[in-house]
Amino acid sequence: MCRKILFCLAFALALTAAAKSNGFYVWQRVWTPEVTEAVKTARAGERALFVLAGELEVSDVWARVNVPEEVWRDERVTAVLRAPANALEDAEKLRDHLQREIAALKTTRVQLDVDVPERKLADYATLLKVLREALPMIELSVTLLPAHLERNEVAAVVREVDYFVVQVHGIEAPRHREEGYALMKRDVARRAVERAKNLGKPFAVALPTYAYVLTFDNAGKFRRLYAEGFPGAPKGMAAQVAAPDLTLLAEMLDMKMDVVWFRLPVAGDRWALDMETIRLLENGEIPTPCLELTSAREEGRLLIRARFRHQIPLECARVTLRWRDAALRGEFFSLNGTTFDTPYGTLPESMEVSPHACGQWFPVAFAYTENELR
């Protein structure tokens, strides 16, 4: 009991002291050089990291993520183990799986992310109790959903862990594109936080940095939801994006609670906000989405770059080009999907820029001209 009390105090004090350095989920299943660099930067910034270590698949085997071993030696890193809802149908087998994986990881900080149906909360509490008894020195936490917090059985679940994380975002897929949907609902999120506070256990709230993409057929009927890896809308389909609401995120941060961002921004991540946007939110600002242009002379030509700031764009954006001398002509060439409608030998007054990752500068055009952008 003393160990639990000391941990609870340490958890609360550590995250309160780092109120503007919230944690991140590292949910990437493939560790590219970009992921490794993002993790390195986050660790240097004293960020707590919750790293996906493995997942129980339908074939009843664990799919391990190839995480560098030295990551687990960082005291700010927690290993996250995922399991689907049906895993609780055989709680004994799930317990054995978890114990083997925890032993293999050689870590003392573990979080379980199990898709627990509300009717199985009592069974989940029993499983956690057995794990706690078998692994008394493990710092154990779980993820919960707003729906879980509405059930009385959740008290037994949180009693068996050191802390819990509430995920307040998620998409209820609409039947038709005309129906309303949102990545996070204000009333659901705020109520979940208030109910979490009443459980008397340290907790954090997972807030989204990433967007979902929804696809619809020509009749507007919902077809599929993508949380990552959107390959582009198939022929005959239309896509819409459910992106983080920056104003709502700012409101949630203003509730002065501990936060774990889901997920860690990685350079070039097409469907996530960048670190600059997150830092501004953490500092109490609500960033304004915009499309920025910059230009520079390189190798005898005017190279133009653009970036989408504080947004996860789905469609092309039109931008106005203001030239220093409206009468001065030149040759203009587009890059990276940029389009413009201007006769050859003249400089366009506007162009459409194709969507790219949030915060990423990319070349959109170059011109052979003595003219300059204002």
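Residues numbered from 1 in each chain as written. Predicted model: local features only at pLDDT ≥ 70, side-chain atom pairs only at ≥ 80, totals over all residues. Heavy atoms only, no water.

K.L.:
Outline the sheet that holds strand β11 (residues 238-242), listing residues and values.
P.N.:
Read from one edge to the other, the open sheet built from three strands follows the order β10-β9-β11, with strand pairing classed as antiparallel. Each edge of the open sheet carries a strand with a single partner, namely β10 (222-226) and β11. Averaged over neighbouring strand pairs, the angle between their axes works out to 25 degrees when direction is ignored. Bridge analysis of strand β9 (residues 212-216) against β11 gives five bridges, and the strand direction is antiparallel. What sits directly across from Phe 216, in β11, is Ala 238. (Pairing = 2+ DSSP bridges. Helix = DSSP H or I, 4+ residues; strand = E, 2+ residues; numbered from the N terminus. Axes fitted to C-alpha atoms, helices over the stretch in contact; angles between N-to-C directions.)

K.L.:
Before we move on, could you go through the sheet that holds strand β16 (residues 331-334) and cite the residues and values that matter?
P.N.:
On the basis of which strands lie adjacent, the open sheet formed by four strands has the order β13-β14-β18-β16 and antiparallel pairing. The open sheet has two edge strands, β13 (290-298) and β16, and neither has a second partner. Sheet twist, expressed as the mean angle between neighbouring strand axes with direction ignored, is 25 degrees. For β13 and strand β14 (residues 301-309), the ladder comprises nine bridges, and the chain directions are antiparallel.

K.L.:
Please set out the packing of helix α3 (residues 91-105) against helix α4 (residues 121-134) residue by residue, giving values where relevant.
P.N.:
Geometry of a packed helix pair, given as the angle between the helix axes and the separation of the axes. Contact pair α3 / α4: the axes reach a minimum separation of 10 Å and the direction vectors enclose 35 degrees. Handedness of the α3/α4 crossing: right-handed. Each of Ala 91, Leu 94, Arg 95, Leu 98 and Gln 99 in α3 lies in contact with α4, whose residues at this interface are Leu 127, Val 130, Leu 131 and Ala 134. Looking at side-chain class alone, the contact of α3 with α4 contains seven nonpolar, one polar and one charged residues. (Left-handed = near helix turned anticlockwise from the far one by under 90°. Contact = heavy atoms within 4.5 Å. Nonpolar A, V, L, I, M, F, W, Y, C, P; charged D, E, K, R; others polar.)

K.L.:
Account for the nonpolar core, with residues named and values stated.
P.N.:
Counting 101 residues, the largest nonpolar core has Leu 112, Tyr 124 and Leu 207 as its most contacted members. Once residues lying within four places of it in the same chain are set aside, the contact partners of Tyr 124 are Leu 88, Leu 112, Val 114, Val 116, Val 142 and Val 157. Counting residues in each nonpolar core, the second largest holds 16 residues, with Ala 306, Phe 308, Phe 332 and Ala 365 among its members. (Core = buried A, V, L, I, M, F, W, Y, C linked by side-chain atoms within 4.5 Å. Buried < 20%, exposed > 50% of the residue type's maximum accessible area, 1.4 Å probe, protein only.)

K.L.:
Lay out the state of the cysteines with the relevant residues and their values.
P.N.:
Enumeration over the complete set of coordinates arrives at zero disulfides. Here Cys 316 stays unpaired: no disulfide links it, and the sulfur of Cys 358, its closest cysteine neighbor, is 17 Å away. Cys 358 carries a free sulfur, and the closest cysteine sulfur to it, the one in Cys 290, is 9.7 Å from it. (Disulfide = S-S within 2.5 Å.)

K.L.:
How would you summarise the packing of aromatic side chains if you had to cite specific residues and measurements?
P.N.:
If you walk through the whole model with that rule in mind, you get 16 aromatic pairs. Geometrically, the ring pair formed by Tyr 25 and Trp 27 is edge-to-face, given 5.7 Å between the ring centres and 90 degrees between the ring planes. Of the two residues, Tyr 25 and Trp 27, both sit in the buried class. Consider the rings of Tyr 210 and Tyr 212, whose centres lie 5.3 Å apart with planes at 50 degrees: the pair is tilted. On the accessibility criterion, Tyr 210 (4% relative accessible area) is buried. (Phe/Tyr/Trp six-rings, centres within 6.5 Å; stacked < 30°, edge-to-face > 60°.)

K.L.:
Give a detailed account of helix α7 (residues 186-197), specifying residues and quantitative values.
P.N.:
For α7, spanning twelve residues, the distance from its first C-alpha to its last is 17 Å, which sits close to the expected 16 Å at 1.5 Å a residue. Within α7, the full set of buried residues consists of Ala 189, Ala 192, Val 193 and Ala 196. Summarising the axial view, the buried residues of α7 lie within an arc of 100 degrees, below the 170-degree limit, and thus occupy one face. Residues of α7 that are buried in the fold lie against α5 (146-149), β7 (163-167), β8 (203-208) and α8 (246-253). (Expected span 1.5 Å × (residues − 1). Arc of directions from axis to C-beta.)

K.L.:
Before we move on, can you summarise the pattern of salt bridges with the specific residues and values?
P.N.:
Summed over all chains, the structure comprises 31 salt bridges. Two residues, Arg 297 and Glu 372, come together in a salt bridge whose shortest N-O distance is 3.1 Å. On the criterion of sequence distance, the pair formed by Arg 297 in strand β13 and Glu 372 in the segment after β18 (362-368) is long-range, its members being 75 residues apart. What makes Arg 297 partly exposed here is its relative accessible area of 37%. Among the residues examined, Glu 372 registers a relative accessible area of 25% and is labelled partly exposed. A cluster of three or more residues bridged by salt bridges with shared partners is formed by Arg 29, Glu 55, Arg 82, Asp 113 and Asp 115. (Salt bridge = Lys/Arg side-chain N within 4 Å of Asp/Glu carboxyl O.)

K.L.:
Describe the environment of Arg 309, with residues and values.
P.N.:
Relative to the assigned elements, Arg 309 resides in strand β14. Taking the C-alpha atoms as reference, Arg 309 lies 22 Å from Glu 349; in sequence the two are 40 residues apart. Those residues within four positions of Arg 309 in sequence are excluded, and the remaining contacts are Glu 276, Thr 288, Pro 289, Cys 290 and Glu 292.

K.L.:
Would you mind going over the pairing of β18 in detail, with residue names and values included?
P.N.:
Working note: regular strand, side chains alternate between the two faces of the sheet. Most of β18 sits inside the fold, with five of its seven residues counted as buried. By the bridge criterion, five bridges tie β14 to β18 in an arrangement that is antiparallel. Note that in β18 the partner of Leu 302 across the bridge is Ala 367. Pairing between β16 and β18: four bridges, direction antiparallel. When the bridges of β18 are listed, Ser 334 appears paired with Ala 365.

K.L.:
With reference to specific residues and values, describe unusual backbone geometry.
P.N.:
With omega at 20 degrees, the peptide bond leading from Phe 262 into Arg 263 counts as cis. Summarising the element assignment, Arg 263 is placed in the loop between β12 (259-262) and α9 (275-282). One non-glycine residue, Asn 336, adopts positive backbone phi at about 55 degrees. Tracing the backbone shows Asn 336 in the loop between β16 and β17 (350-353).

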